[in-house]
Amino acid sequence: MATQQPRATVITQRRFGGPEVLQAEERPRPEPGPGEVLVRVRAAGINPVDLLIRSGTAPLYGDPPFTLGRDVSGTVEAVGADVTRFRPGDEVFGKVHAGGYATHLTAPAAYFAAKPASLDHVHAAAAPTAALTAWQALIDIGRVGPGTRVLIHAAAGGVGHVAVQLAKAEGAYVVATARADRHDFLRELGADEPHDYTAADFTESVRDIDVALDLVGGDYGPRTLGTLRPNGLLVCANPGDLGLSPEDVEARGMRFAVVEAEPSGDRLARIAALLADDRIRVHVEAALPLLEAAKAHELGEAGHAKGKLVLVLPD
């Protein structure tokens, strides 16, 4: 009798649309190729871009079918040829390009880092995209440090709340925009000046900013220029909705950059050290079972979650 091929459960979609298009399917379990690892996923983070891809607003994966999910934490089950970074049984977390809403996935070993032992899979899965975006914006590009004045928009969101902590860990002074009911949360994270964007225009009171991180897009970029010092830096993390051009910024004597977090196990290993000793904490607003991915997307579209939403997979 032939041995049945191991199976994997994935959340897929066969058309663009609302959360209801997300459906579970059974498929053959993938096998790792050269340089890849097979990960048994224990938790998968949800990012705002997932909602845009699902709806067709940002068709980054082309036409369906496809499986969403860029942030995962789990256990290595098998390794491909030439992989020396991990062994079966290692607990890892990482950012991939797609496929995270699944019980199993394969991806390059270089995308993963060892999960801190003190961090559970749910919080590890919430970290990669948020932490990598904040790191690349503030450390690699912004070079923030002691005395740097940093402005972070959407500071209570997934990337924003990590960026606040990372900037503080580097010794920066942090100005953060969010609704008033998020200000206590931001102060707990270390924000020095929370601003309620619903009550007053931040451009009227925020000044002398060295590095601004725009996580909103639209008119936030042009408005933020008025808060920057000469030669100040505006970093935008919403490349599809910048609201301005590099030439606009340079004409006003300031600098401009766009950040799109790339998978990097090496950077994640450095971030893991910050997570391990609580210099950065990832807030998870809700953790739902994998089969409730549609409900998780509904929560995400409500737009009021602090931190991150995560899908949890059964043991």
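Residues numbered from 1 in each chain as written. Predicted model: local features only at pLDDT ≥ 70, side-chain atom pairs only at ≥ 80, totals over all residues. Heavy atoms only, no water.

## Description of the layout of surface pockets
Stated formally: Each cavity reported here is a set of points on a 1 Å grid over the protein atoms alone in which a 1.4 Å probe fits but cannot get out, each pocket an open set with protein on both sides within 12 Å along at least five of seven lines, and each lining residue one with an atom within 4 Å of a point. Grid points are joined across faces, edges and corners, and a volume is the space filled by probe spheres set on the points. Each helix is a run of H or I in the DSSP string that is no shorter than four residues. Each strand is a run of E no shorter than two, and both are numbered from the N terminus. Three residue categories are used. Nonpolar comprises Ala, Val, Leu, Ile, Met, Phe, Trp, Tyr, Cys and Pro, charged comprises Asp, Glu, Lys and Arg, and polar comprises the others, including Gly.
Its boundaries defined by the atoms lining it, the largest pocket holds a volume of some 1600 Å³. Asn47, Pro48, Val49, Val159 and Leu215 are the residues nearest the centre of the largest pocket, which is lined by 48 residues in total. Secondary-structure elements contributing two or more residues to the lining of the largest pocket are helix H1 (48-55), helix H3 (128-141), helix H4 (158-169), strand E9 (173-178), helix H9 (293-302) and strand E15 (308-312). When residues of the lining of the largest pocket are assigned to their parent elements, the largest contribution, four residues, is made by H1. Residues of the lining of the largest pocket, tallied by class, amount to 26 nonpolar, 14 polar and eight charged.

## Considering the nonpolar core
Note the threshold: Residue types Ala, Val, Leu, Ile, Met, Phe, Trp, Tyr and Cys, when buried and joined through side-chain atoms within 4.5 Å, form a set referred to as a nonpolar core. Any residue under 20% of the maximum accessible area for its type is buried, any over 50% is exposed, and the rest in between are partly exposed; the area is computed with a 1.4 Å probe on protein chains only. Residue contacts are defined here by distance: any two heavy atoms, one from each residue, within 4.5 Å place the two residues in contact.
Formed by 53 residues in total, the largest nonpolar core has its most connected members in Phe93, Ile152, Val164, Leu186 and Leu275. In terms of residue count, the dominant contributor to this core is H3 (eight residues). For Ile152, the residues in contact, after removing those within four places along its chain, are Gly160, Ala163, Val164, Val174, Val175, Ala176, Thr177, Leu213 and Leu215.

## Observations regarding the packing of H1 against H9
Quick reminder of the rule: A fitted line through C-alpha atoms serves as each axis, taken over the contacting stretch for helices, and the angle formed by two N-to-C directions is quoted from 0 to 180°. Any angle between 65 and 115 degrees counts as roughly perpendicular, while under 35 counts as roughly parallel, over 145 as roughly antiparallel, and the rest as oblique.
At a minimum axis separation of 10 Å, H1 and H9 run at an interaxial angle of 110°. Considered as vectors, H1 and H9 are oriented roughly perpendicular to each other. Between H1, through Asp50, Leu51 and Arg54, and H9, the contact on the second element is made entirely by His297, Gly300 and Glu301. Of the residues in the contact of H1 with H9, the class split is one nonpolar, two polar and three charged.

## A few points about the packing of aromatic side chains
Test applied: Centres within 6.5 Å make a pair out of two Phe, Tyr or Trp rings, where for Trp the six-membered ring is used; the pair is then stacked when the planes are under 30 degrees apart, edge-to-face when over 60, and tilted otherwise. A ring is scored as having a charge over it whenever the NZ atom of a lysine or the CZ atom of an arginine sits within 6 Å of its centre and within 35 degrees of its normal.
Counted under the stated rule, the structure contains three aromatic pairs. Plain terms: the ring middles of Tyr61 and Phe66 are 5.4 Å apart, the flat faces sit at 85° to each other, and that makes the pair edge-to-face. Tyr61 gets classed as partly exposed once you look at its relative accessible area, which sits at 23%. Judged by its relative accessible area of 10%, Phe66 falls in the buried class. Site record: aromatic cluster; members linked through ring pairs are Phe16, Tyr61 and Phe66. Over the ring of Tyr220 we find Arg223, and its NZ or CZ is 5.0 Å from the ring centre. The side chain of Lys306 reaches across the aromatic face of Phe185, ending 4.8 Å from its centre.

## Regarding the environment of Gly190
Tracing the chain through its elements places Gly190 in the loop between helix H5 (183-189) and strand E10 (193-196). Sequence separation of Gly190 and Ala169 is 21 residues, and the distance between their C-alpha atoms is 9.1 Å. Contact partners of Gly190, with chain neighbours within four places excluded, come to Val164 and Lys168.

## Description of the environment of Ser73
Relative to the helices and strands, Ser73 is located in strand E4 (residues 71-79). Residues Ser73 and Pro128 lie 55 residues apart in sequence; the distance between their C-alpha atoms is 9.3 Å. Setting aside residues up to four positions removed in sequence, Ser73 forms contacts with Val41, Arg42, Ala43, Val92, Phe93, Lys115, His121, Ala124 and Ala125.

## Some points on the pattern of salt bridges
The test is simple: The term salt bridge refers to a pairing of a side-chain nitrogen on Lys or Arg with a carboxyl oxygen on Asp or Glu at a separation within 4 Å.
Under the definition given, this model contains 16 salt bridges. For Arg27, the salt bridge is made with Glu25, and the minimal N-O distance between the two is 3.3 Å. On the basis of relative accessibility, which here comes to 27%, the residue Arg27 falls in the partly exposed class. Note that Asp266 is salt-bridged to Arg85, the shortest N-O span being 3.1 Å. With Asp266 in helix H8 (residues 265-276) and Arg85 in the loop between E4 and strand E5 (91-95), the pair connects residues that are 181 residues apart, well separated along the chain. On the accessibility criterion, Asp266 (52% relative accessible area) is exposed. The structure contains a network of salt bridges with shared partners spanning Arg14, Glu25 and Arg27.

## Focus: the packing of H3 against H8
It is the contact of H3 with H8, at a shortest axis distance of 10 Å, that shows an interaxial angle of 100°. On the basis of their axis angle, the class for H3 and H8 is roughly perpendicular. Across the interface between the two elements, Pro128, Ala131, Leu132, Trp135, Gln136 and Asp140 from H3 touch Arg267, Leu268, Arg270, Ile271 and Leu274 from H8.

## What to know about the pairing of E4
Basically, it comes down to this: Here a strand pair is declared whenever DSSP counts at least two bridges between the two strands.
Two elements, strand E3 (residues 36-46) and E4, share eight bridges in a ladder whose sense is antiparallel. Counted as the bridge partner of Ala43 is Ser73 from E4. Here five bridges tie E4 to E5, and the two strands are oriented antiparallel to one another. For Val72, the partnering residue across the bridge sits in E5 and is Gly94.

## Overview of unusual backbone geometry
Note that the residue after Pro64, namely Pro65, is joined by a cis bond; omega there is 10°. Along the chain, the position of Pro65 falls in the loop between H1 and E4. Phi at Asp278 takes a positive value of approximately 65°, unusual for a residue other than glycine. Tracing the sequence through the fold places Asp278 in the loop between H8 and strand E14 (284-289). A relative accessible area of 54% means that Asp278 is categorised as exposed.

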